Amino acid sequence: MKWYPLDSIRYGHRDKLAEGGLVAYDFKAWRVIEIRPMDDESRISVRLRPVADDWTALGRNDIHLSAGKYHQFDRLPEHYSVCVKCGDIQPCREVTAERDAAEAMERAERYDVFLRCPACLETVTPRQKQISFQENVVAILGPMVTFHLRSKCQGWAVDYEKKWAKVTGGKITLSCEGHQIGHHDGTRTCLNIECPSPSEATHGRYSACWVMNAACNRPECMAVIDEYLTKREAKHA
Ligand SMILES: [Zn+2]
Ligand SMILES: [Zn+2]
Ligand SMILES: [Zn+2]
Ligand SMILES: [Zn+2]
């Protein structure tokens, strides 16, 4: 799970990562010593020096991170909170681990009742659109997992299926990494020829085919634009 340092400064355009500033990285505070562009112009190399370290002056424990030009570092103000017990920046490793464990437990509890949708925690009845997975990959030894296939539960089902596929090697049917295109007659196609379902699957990328600007040569879309032009001509006649 991602770690969010307690005191990190919200990122703004005006006030970017700068040499001399502080960043939080791997539960410690670091001073930014140098920022250099890399050969690949989309990346930068950042040299960091541990703040709470006796070696500071020697620069021996400096580390170099390579990051995308727009990577959002967790910048810190000069005054930041440190855990008294372990010296980490707050929240420290131990607290973070405890929180993650508590969240994992809570998550597992959502998945341990037969025919109860883990997303909305309501029972899935036979008449509702649904999807079931024999393998429960969240609550080990838990029952088979069933989700509603309705908009408020779909996102959970999509995420679960990805996780399930990784563990079991099963085939993903609810989502597609391809690029979905919506056409003028309401149909949807996908640039991924192995798309499980261009109309039903959740897609990461979507665009409309916009026959007006760049011709889409599907006969159905051409028909729509023909009709539009005919109507427009009739209006101006
Ligand atoms: Zn601690
Ligand atoms: Zn549900
Ligand atoms: Zn089209
Ligand atoms: Zn697709």
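Here is what the cut-offs are and how they apply
- Residues numbered from 1 in each chain as written.
- Chains lettered and ligands numbered in written order.
- Predicted model: local features only at pLDDT ≥ 70, side-chain atom pairs only at ≥ 80, totals over all residues.
- Heavy atoms only, no water.
- Pairing = 2+ DSSP bridges.
- Helix = DSSP H or I, 4+ residues; strand = E, 2+ residues; numbered from the N terminus.
- Axes fitted to C-alpha atoms, helices over the stretch in contact; angles between N-to-C directions.
- Phe/Tyr/Trp six-rings, centres within 6.5 Å; stacked < 30°, edge-to-face > 60°.
- Buried < 20%, exposed > 50% of the residue type's maximum accessible area, 1.4 Å probe, protein only.

### As for the sheet that holds strand 1 (residues 22-25)
Part 1: In spatial order, the strands read 4-3-2-1-5; together these five strands make up an open sheet with antiparallel pairing. The strands lining the two open edges of the sheet, one partner per strand, are strand 4 (63-68) and strand 5 (74-76). Recorded for the sheet is a direction-independent mean angle of 45° between the axes of neighbouring strands.
Part 2: Summarising the sheet, strand 1 and strand 5 pair through three bridges and their orientation is antiparallel. Along strand 5, the bridge assignment pairs Ala24 with Asp74.

### Looking at the packing of aromatic side chains
Part 1: Tallied over the full model, the rule gives eight aromatic pairs.
Part 2: Pairing Tyr25 with Trp30 gives two aromatic rings, centres 6.2 Å apart and planes at 65°, and the pair type is edge-to-face.
Part 3: Given a relative accessible area of 35%, Tyr25 falls into the partly exposed group.
Part 4: What makes Trp30 buried here is its relative accessible area of 11%.
Part 5: An aromatic cluster is defined as three or more aromatic residues linked by ring pairs; in this entry it consists of Tyr111, Phe133, Phe147, Tyr160 and Trp164.

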